[in-house]
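Architecture at a glance
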Amino acid sequence: MMEWELQEHYQKALYLLFRPLLAENRMLFLHSDIGDRFEQLCQQYQEEDLKNSPLAHWVGSIQEVVATYPWVYLSVRISAGEYMFCRFHIDVMKQELIETQVFLQFKERLVNVNQREEDWLLEIDLAPFQRDFPRLSEQRSIGRGVEFLNRHLCNQLLSKKQGESLILDFLLVHQYQEQQLMLNNRITNITTLKQALRFAEKYLSSQPPTATWQAVCHRMQEMGFEPGWGRTVERMIDTISLLTDILQAPDPNEVERFLARVPMVFKVAILSPHGYFGQAGVFGLPDTGGQVVYILDQVKSLEKEMRSRLFEQGIDIQPKIVIITRLIPDAIMTTCHERLEPILGTENAIILRVPFRNDKGEIVPYWISRFAIWPYLERFAVDVERELLGYLGGRPDLIIGNYSDGNLVATLLSQRLQVTQCTIAHALERSKYLYSDLYWRENDAQYHFATQFTADLIAMNTSDFIITSTYQEIAGNQQSIGQYESYEFFTLPELYRVINGIDVYDPKFNIVSPGADETIYFPYTYQQQRLPELHGEIENLLFGSSCEKSCGELADTDKPLIFTMARLDRIKNLTGLVEWYGNSPQLQAVANLFVIAGHTNMEESTDDEERHQIGVMYELLSRYQLSEKVRWVGKHLDKRLSGELYRYIADKKGIFIQPALFEAFGLTVIEAMASGMPTFATCYGGPLEIIQHGVSGFHIDPTHGEKVAEQLVEFFQRCQQDPNYWQTISQGAIKRIQSRYNWKLYAERLMTLSRIYGFWKHATNLERLETQRYLEMFYGLMYRHLAVNVPH
Ligand code: UDP
Ligand code: LCN
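Residues numbered from 1 in each chain as written. Chains lettered and ligands numbered in written order. Predicted model: local features only at pLDDT ≥ 70, side-chain atom pairs only at ≥ 80, totals over all residues. Heavy atoms only, no water.

**With respect to the overall build of the protein chain**
Helix and strand content of the protein chain: 28 helices and 25 strands. In terms of overall size, the protein chain behaves like a compact globule, its C-alpha atoms giving a radius of gyration of 28 Å where 792 residues would be expected to give roughly 28 Å. The dimensions of the protein chain, computed from C-alpha atoms along their principal axes, are 85 × 70 × 60 Å. In the protein chain, which comprises 792 residues, the share counted as buried stands at 61%. Contacts spanning at least 24 positions in sequence make up 71% of the contacts within the protein chain whose residues lie at least 6 apart. Roughly 32,200 Å² of accessible area belongs to the protein chain as shown, and the carbon and sulfur atoms make up 49% of that amount. (Helix = DSSP H or I, 4+ residues; strand = E, 2+ residues; numbered from the N terminus. Rg over C-alpha atoms; globule rule 2.2 N^0.38 Å. Buried < 20%, exposed > 50% of the residue type's maximum accessible area, 1.4 Å probe, protein only. Contact = heavy atoms within 4.5 Å. Areas by Shrake-Rupley, 256 points an atom, 1.4 Å probe, with all protein chains shown as cover.)

As structure tokens, then:
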């Protein structure tokens, strides 16, 4: 279908499609623009055949068009992460294939009209480094990288003679502080190992299955074994027979099961420098949202998982998890000025805060936007290294970075300490701001995207493995490209262009979806666990005339509520939602709107984008006279209160809406669904994958607000006619979250991944040293220069 020759038959259609573009006063067109214009063309010429032709399919794959007479340049997405580029000459009516860089060069000329074809610009191309590295071939396997790697390397290596000694070497290195684990030096080669395994199995079979390591340790140590095989004899036998089977005939599933038991992760460092990182009073503050919630829940579930694995393996060691963030002396009522903060609900996890320092070495006292923290990070990494090593009494076994800044610091630390690095993006800004690459200079004063994208490229390529919340975060879907995929090629005119920035078929990508804390976000029907004590406070938030930090007072308190809660960022589009509501008298007739976001008082906000949104919000509320229909509260709710709030609104048959222009994942979406609220969420980003449209909620398109309003009106009307309809969707939402998005699954998966990765990294050359060296150069010659130029 995609053959190049195909289009030769459709020259005229392409001409008719592209010609009007050249007459417009814009030069860049997106996938959706081209789709709409193709539809119009088919209608105009009544070309039903064309609509169903192979050309239609091809046009549907066009991602981007750059049109300046007489040329139309195109990028065409053949499948996830696979592109072709071509150009069409409007007069000659002829097209030809071009290279990625030629396409990018043409784009650059939109910004820099004086740029000539022969002008040199740095090109970043990581593809040659990946040549010998195993790569997925199937689109559907994207995001299951470590499984693939395990299968691939099992077949390649373990099946050969050398595989046995790889396993032996690996088992001999395990230690915790001074204590040897798994095997001791009585096992000198593979023959003694096999023999010892036979003897041990025989010996253990004669012992009571519930006897513990203590009871058998003398005999076992004589045979060459150390703690780590199991807490009980039964478990030890099981682990030993797993290894015996692997040595006989390696099977990837058994290797995974065996490695899941090997005690190798005791200390984890998690980096999240920006925002206000604390356990209370921070949610909703600028740059402080889902990432903090995610990490706090992640830590609790990880600690539980690490403890239970160590316990099952008979090891008496307390795992340690440290979240490293920024210490902010001016902590505005939060705990962000405290160096250490133990994490509630854990035994041993802690927040360690390290301040940013300026060029003179003085501590920076105030909050700094996530877009402007780049000049501080290198020094921060050095300070963190010192404090972390001191606190842990040695190196961590795993370093997890979060968001662009945390991932860059994770890169610096992992490389210095030689520790496995895991990357979590949460949200990549490239997907949020259209043309943030091409017009980077225009936005530089506020956003410093060039610095951020450079940091992203470095971190995602140095990272050993990457965790994403959804498939589409990596590779998108039929309509839109993935967040990581958007780093495959792009250009920052006059700075550098990226020819191959990341490969979505790289086995480093793994989908591990987060959950919503089940003790806080549970179905409204679980009456026993609920907190009716909070209902007075909730009613005051919703309807109270004396509620502070609120705006608007609902006249008809019996109407169901449309509820939304988010940071007051432009991308969250809460002002868009108010506008759709204001424009729809039908919607106003059936439901009230309840918004929790940011501050209602502009003076209280320190964030530029938020202040702008506050202004827009007031303007809309007054323009549409919504003071009796919209309630806006600018407070940061604690989690138990927000959990009960979702359920309270569900009791009243309300709904949740997430109207973002783009949402990387969307924790509020899974919180609302877990509580049993029918949820309407943006079709751009994670919610598209979380919600099955019409079954467990609804997708909405924030670029067509009037349609969203219609969808909502229809929903409420249908619920009036059929009271079971609300229930059906509510049940669908609960089921979806309980089966797919939970922290226990997350922690099991993450621990298993890090072990499988750790094993293969130890056993083979997964280091990608050449890539690292190339990226060090990129860091030194590009990133550092950009970072110091960010005003500070
Ligand atoms: N949140 C909150 N109070 C607020 C705003 C947000 O508790 O005023 C919480 C919300 O419950 C969710 C998180 O912050 O857990 C927001 O995460 P999400 O993934 O939806 O968006 P992000 O802020 O990360 O972009
Ligand atoms: C950041 C975001 O923007 C959200 O979409 C995610 O849900 C959150 O982080 C947690 O990963």
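**A look at the pattern of salt bridges**
Opposite charge on two side chains permits pairing when their charged atoms draw close. A full pass over the atoms with the stated rule returns 45 salt bridges. Across the pair Asp506 and Arg768 runs a salt bridge, and its minimum N-O distance is 2.8 Å. Taken together, the positions of Asp506 in the loop between strand S17 (496–500) and strand S18 (509–511) and Arg768 in the loop between helix H27 (743–763) and helix H28 (769–788) put the pair 262 residues apart, joining distant regions of the chain. Under the relative-accessibility criterion, Asp506 is labelled buried at 6%. Through salt bridges with shared partners, one network takes in Arg144, Glu147, Glu256 and Arg749. (Salt bridge = Lys/Arg side-chain N within 4 Å of Asp/Glu carboxyl O.)

**Side note on the pairing of strand S5 (residues 94–98)**
Two strands pair when backbone bridges link them, and strand S4 (residues 82–89) and S5 are joined in this way by 5 bridges, in the antiparallel orientation. Its bridge partner being in S5, His89 is matched across the sheet by Lys94. Connecting S4 to the antiparallel partner S5 that follows it, the hairpin turn spans 4 residues, and Met93 within it adopts a positive phi of roughly 55°. (Pairing = 2+ DSSP bridges.)

**So, the sheet that holds S5**
Spatial ordering of the open sheet is given by S1-S2-S3-S4-S5, a layout of 5 strands whose pairing is antiparallel. Of all strands in the sheet, those with a lone pairing partner are strand S1 (28–30) and S5, marking the two edges. Neighbour-to-neighbour, the strand axes of this sheet turn through a mean angle of 20°, independent of strand direction. When strand S2 (residues 62–68) meets strand S3 (residues 71–79), the two strands line up antiparallel, connected through 6 bridges. (Axes fitted to C-alpha atoms, helices over the stretch in contact; angles between N-to-C directions.)

**Thoughts on the packing of aromatic side chains**
By the definition in use, this model includes 49 aromatic pairs. Among the aromatic residues, ring-to-ring pairing joins Phe371, Tyr433, Tyr447, Phe449, Phe453, Tyr487 and Phe490 into one connected group. (Phe/Tyr/Trp six-rings, centres within 6.5 Å; stacked < 30°, edge-to-face > 60°.)

**Let's talk about the side chain of Ser469**
Looking at where Ser469 falls in the secondary structure, it is placed in the loop between strand S15 (465–468) and helix H17 (471–475). The contact partners of Ser469, leaving out residues within four places of it in the chain, are Tyr294, Ile511, Val512, Ser513, Pro514 and Phe665.

**Re the site of ligand 1**
Taken together, 18 residues lie around ligand 1, and Gly290, Arg567, Lys572, Leu667 and Glu671 are the ones closest in. Between ligand 1 and Arg567 there is a distance of 2.7 Å, counted from an oxygen atom to a side-chain nitrogen or oxygen. Separating an oxygen atom of ligand 1 from a side-chain N or O atom of Glu671 is a distance of 2.4 Å. For ligand 1, whose free accessible area comes to 540 Å², the fraction covered by protein is 93%. Counting only elements with at least two residues in the shell around ligand 1, the list comes to helix H12 (290–312) and helix H23 (667–675). Among the residues forming the shell around ligand 1, the class breakdown is 7 nonpolar, 6 polar and 5 charged. (Near = heavy atom within 4 Å. Polar contact = N/O pair within 3.5 Å; in protein donor to acceptor, adjacent residues only side chain to side chain. Nonpolar A, V, L, I, M, F, W, Y, C, P; charged D, E, K, R; others polar.)

**Concerning the nonpolar core**
If you look at the biggest cluster of nonpolar residues, it comprises 168 residues, and the most contacted ones within it are Met220, Phe225, Trp229, Phe258, Ile562, Phe563 and Phe715. Not counting the four nearest positions on each side in its chain, Trp229 is found in contact with Met182, Leu183, Leu197, Arg235, Met236, Thr239, Ile240, Leu243, Phe258 and Gln313. Counting 70 residues, the second-largest nonpolar core is a separate cluster that includes Ile350, Phe371, Tyr403 and Tyr487. (Core = buried A, V, L, I, M, F, W, Y, C linked by side-chain atoms within 4.5 Å.)

**Re the site of ligand 2**
Residues in close proximity to ligand 2 include Gly290, Gln291, Tyr294, His426, Ala427, Glu663, Ala664, Phe665, Gly666 and Leu667, which together make up its full environment. Within the contact set of ligand 2, an oxygen atom lies 2.4 Å away from a side-chain nitrogen or oxygen of Glu663. The backbone of Ala664 places a nitrogen or oxygen atom 3.4 Å from an oxygen atom of ligand 2. For ligand 2, the protein covers 92% of the area, taking 290 Å² as the surface of the free molecule. By residue class, the composition of the shell around ligand 2 is 5 nonpolar, 4 polar and 1 charged.

**A few points about the sheet that holds strand S9 (residues 267–271)**
Working definition: the strands of a sheet are paired by backbone hydrogen bonds and lie parallel or antiparallel to each other. With mixed pairing, the 8 strands of this open sheet are ordered in space as S11-S12-S10-S9-S13-S14-S15-S18. Where the open sheet ends on each side, the last strands, each with one partner, are strand S11 (340–342) and S18. On average, adjacent strands in this sheet sit at an angle of 25° to one another, irrespective of strand direction. Summarising the sheet, strand S14 (residues 420–424) and S15 pair through 3 bridges and their orientation is parallel. Bridging across to S15, Cys422 finds its partner in Phe465. Each of S9, strand S13 (398–402) and S14 is contacted by helix H14 (residues 403–417), which is oriented at about 155° to S13, the strand it contacts most. Against the sheet, H27 touches S13, S14, S15 and S18, its axis set at about 165° to S15.

**With respect to H14**
Taking 1.5 Å of rise per residue, the 15 residues of H14 would be expected to cover 21 Å, and the 20 Å separating its terminal C-alpha atoms lies within 8% of that figure. Within H14, 13 of the 15 residues are buried, which leaves the element mostly enclosed by the surrounding structure. Note on H14: the residue one or two positions beyond its end, Gln418, has a positive phi of about 60°. (Expected span 1.5 Å × (residues − 1).)

**Structural notes on the environment of Leu21**
For Leu21, the position within the fold is in helix H1 (residues 11–23). Remark: the alpha-carbon pair of Leu21 and Val66, spanning 45 residues in sequence, is separated by 9.2 Å. Residues contacting Leu21, with those up to four places away along its chain left out, are Arg26, Phe29, Ile34, Arg37, Val65 and Ala67.

**Overview of unusual backbone geometry**
A cis amide bond, omega 5°, links Tyr69 with the succeeding residue Pro70. Looking at the secondary structure, you find Pro70 in the loop between S2 and S3. Although it is not a glycine, Met182 adopts a positive phi angle of roughly 65°. The backbone phi angle of His448 is positive, close to 55°, even though this residue is not glycine. Tracing the backbone through its elements, the reader meets His448 in the loop between helix H15 (440–447) and helix H16 (449–462). The class for His448 is buried, based on a relative accessible area of 5%.

**Some words on the packing of H14 against H16**
Interhelical geometry of H14 versus H16 gives an angle of 50° and a closest axis separation of 9 Å. Overall, the two elements H14 and H16 adopt an arrangement that is oblique. The element H14 and its partner H16 pack so that their crossing is left-handed. Each of Tyr403, Ser404, Asn407, Leu408, Thr411 and Gln415 in H14 lies in contact with H16, whose residues at this interface are Gln452, Ala455, Asp456, Ile458, Ala459 and Thr462. Across the contact of H14 with H16, the residue classes break down as 5 nonpolar, 6 polar and 1 charged. (Parallel < 35°, antiparallel > 145°, perpendicular 65-115°, else oblique. Left-handed = near helix turned anticlockwise from the far one by under 90°.)

**Some points on H23**
Count 3.6 residues to each turn of an α-helix, and residues three or four apart come out pointing the same way. Among the 9 residues that make up H23, 9 are buried, leaving the element largely enclosed by the rest of the structure. Buried within H23 we find Leu667, Thr668, Val669, Ile670, Glu671, Ala672, Met673, Ala674 and Ser675. Immediately beyond the C-terminal end of H23, within one or two residues, lies Gly676, with a positive phi of roughly 95°.

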